[in-house]
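Structural features, examined
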Amino acid sequence: MMTTSAAFGNLHLSYTRGPTASTWAKDVVRWVASCGSATDWSIVPASAASTLSTIVSQAYKYVYDLIRSFAQPAATACVDQQAADDAISFFNQLISLNVPAPKVFPSGGEAVIFTWERPSGRDYLHYEDGIVTLTHIPCKGDEWQIDLDLSDPTVLTSLSIYLRR
Amino acid sequence: MNPGDTIPNSEWVARAVIFPTHLPQQQLSPEALFDFRGLDPEKDAQFFADWAHAYAVSVSCLHAGEDKVHKDGLELARQQNENRPLPESPESAKFGHMRAYLGFYRFLAGAVAPLDNHEQIETIFWPEGTFDNHANYIVRLAECVNRRDRTKRRTRITGLLWRALSGPVRYLHSDDTPHANYFNEVPLDALPA
């Protein structure tokens with residue numbers, strides 16, 4: 001299942017792709033059009049492709065802004081600059097992998113955690129010093145955690161397949 | 001119960017939801033509700049219990065009843081508005097640039113078991129100022145745990161805590177609260193998912 005999330009003004013919406021890949025693009029365009037009528041912000045999709053890329057790039061932009069806000073000393077739960085820099089650096093790689101836009105939260109003043117919600121559970125990811133740590137908490141049953149060394153060129157490919165499953 | 005006492009694993013504790021700080025809007029993950037803060041080894045020495053690292057999240061004890069938890073949540077939002085006013089924005093104009101308490105999620109103090117003997121989880125009863133029901137949910141880590149592994153362990157605990165949450169127990173603002181309708185209609189995820 002693939003989830004795309006986006007913000008429209010003060011609404012936050014997410015759309016999860018069902019199992020039929022061929023109808024996905026059509027479904028999302030229909031969803032986007034229905035969002036337009038549901039909010040007071042009119043959306044007129046000029047084309048499916050440009051609408052989709054706007055939604056996705058807007059979500060990525062919000063993630064980027066949020067990570068930077070965590071490093072502000074006045075932030076409610078701020079992180080140190082190293083944590084924010086590591087997160088931004090890794091986030092740029094995530095963007096190039098075309099993974100669904102994650103959500104983020106700060107942890108312990110020393111890390112930014114990327115999250116994805118799945119029907120099967122939740123995935124958490126953080127990056128530090130060349131290593132990506134992936135944590136999976138299933139809805140039921142045992143959690144697992146794995147450290148992935150980014151110096152192995154196959155790791156990013158595997159990670160992107162996993163995050164887009 | 002005395003300050004410094006351990007809350008038993010079988011006791012329920014509550015985590016207050018403050019809008020807009022904790023809401024999963026614009027890509028903020030809902031686990032931000034558990035904003036573990038690193039404790040200071042000097043100022044917060046009493047919580048380290050000879051461990052090298054400690055992180056804490058504030059919770060309320062539910063043994064005093066839900067109304068008391070609501071009362072403390074309202075007071076928390078009030079104090080935060082007074083001490084740290086929200087930056088004004090076109091968005092925040094819709095709710096008067098003020099934080100609001102929305103309710104709480106509950107979990108058992110013993111919801112998450114430590115992974116191994118390099119970590120310890122303990123909830124310490126610790127009244128603070130007007131919050132006489134306050135406790136600190138504390139994660140302690142051993143000296144040998146490096147920075148990345150500290151994050152790894154906190155992430156596991158945060159994820160398992162999220163899975164263990166139930167609620168929300170919603171607080172509905174009365175009509176005489178400014179922007180009551182707006183706050184009462186803010187959606188909160190029903191948990192467990």
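Being a predicted model, the structure only gives us computed values, none of them experimental.

In the predicted model, chain B carries a mean pLDDT of 93, and 98% of its residues have values of at least 70. Listed scores for the predicted complex are pTM 0.84 and ipTM 0.92.

Let us look at the pairing of strand E3 (residues 53-61) of chain B. Residues and elements named next belong to chain B. Taking burial as the measure, the nine residues of E3 include eight buried ones, the bulk of the element. By the bridge criterion, two bridges tie strand E1 (residues 12-19) to E3 in an arrangement that is antiparallel. Following the sheet pairing, Val-13 is matched in E3 by Cys-61. Judged from the eight bridges that link them, E3 and strand E6 (residues 134-141) form a sheet pairing that is antiparallel. Among the inter-strand pairings, Val-59 is bridged to a residue of E6, identified as Ala-135.

Right, let's get into the environment of Leu108(B). Residue and element names in this part refer to chain B. Relative to the elements of secondary structure, Leu-108 occurs in strand E4 (residues 100-108). Its relative accessible area of 30% is what places Leu-108 among the partly exposed residues. Among all residues touching Leu-108, those that are not within four sequence positions of it are Asn-9, Ser-10, Glu-11 and Trp-12.

Backbone-to-backbone hydrogen bonds join strands into a sheet, with any given pair of strands oriented parallel or antiparallel. All names here are of chain A. One open sheet holds the five strands; their spatial order is E3-E4-E5-E6-E7, and the pairing between them is antiparallel. The open sheet has two free edges, formed respectively by strand E3 (103-107) and strand E7 (144-149), since each of these has just one partner strand. Taken over all neighbouring pairs, the strand axes of this sheet differ in orientation by 25 degrees on average, direction set aside. Where strand E5 (residues 121-128) lies against strand E6 (residues 131-138), eight bridges are found, and the strand directions are antiparallel. By the bridge assignment for E6, Leu-125 is matched with Leu-134.

All names here are of chain B. Counting across every chain of the model gives 22 salt bridges over all chains. We note a salt bridge from Glu-75 to Arg-78, for which the minimum N-O separation is 3.0 Å. Here Glu-75 pairs with Arg-78, and both are found in helix H1 (residues 66-83), just three residues apart, close to one helical turn. Under the relative-accessibility criterion, Glu-75 is labelled partly exposed at 22%. A residue is classified by how much of its surface remains accessible, and Arg-78, at 41% relative accessible area, is partly exposed.

Here the focus is the interface of chain A and chain B. The partner chain B presents 31 residues to the 44 residues of chain A that form the contact. Summed over both partners, the interface of chain A with chain B buries about 3200 Å², with 49% contributed by carbon and sulfur atoms. The interface formed by chain A and chain B contains seven salt bridges. A salt bridge links Arg147(B) to Asp80(A), with the shortest nitrogen-to-oxygen separation between them at 3.0 Å. Joining chain A to chain B, the criterion identifies 18 residue pairs in polar contact (both at pLDDT 80 or more). Of all elements in the fold, only strand E1 (3-8), helix H2 (48-70), helix H3 (81-96), E3, strand E4 (111-118), E5, E6 and E7 of chain A reach the threshold of two or more residues within the side of chain A that touches chain B. Of the residues that constitute the side of chain A that touches chain B, the class distribution is 20 nonpolar, 15 polar and nine charged.

Thresholds applied
Residues numbered from 1 in each chain as written. Chains lettered and ligands numbered in written order. Predicted model: local features only at pLDDT ≥ 70, side-chain atom pairs only at ≥ 80, totals over all residues. Heavy atoms only, no water. pLDDT = per-residue confidence, 0-100. Buried < 20%, exposed > 50% of the residue type's maximum accessible area, 1.4 Å probe, protein only. Helix = DSSP H or I, 4+ residues; strand = E, 2+ residues; numbered from the N terminus. Pairing = 2+ DSSP bridges. Contact = heavy atoms within 4.5 Å. Axes fitted to C-alpha atoms, helices over the stretch in contact; angles between N-to-C directions. Salt bridge = Lys/Arg side-chain N within 4 Å of Asp/Glu carboxyl O. Buried area = accessible area lost by both parts, 1.4 Å probe. Polar contact = N/O pair within 3.5 Å; in protein donor to acceptor, adjacent residues only side chain to side chain. Nonpolar A, V, L, I, M, F, W, Y, C, P; charged D, E, K, R; others polar.

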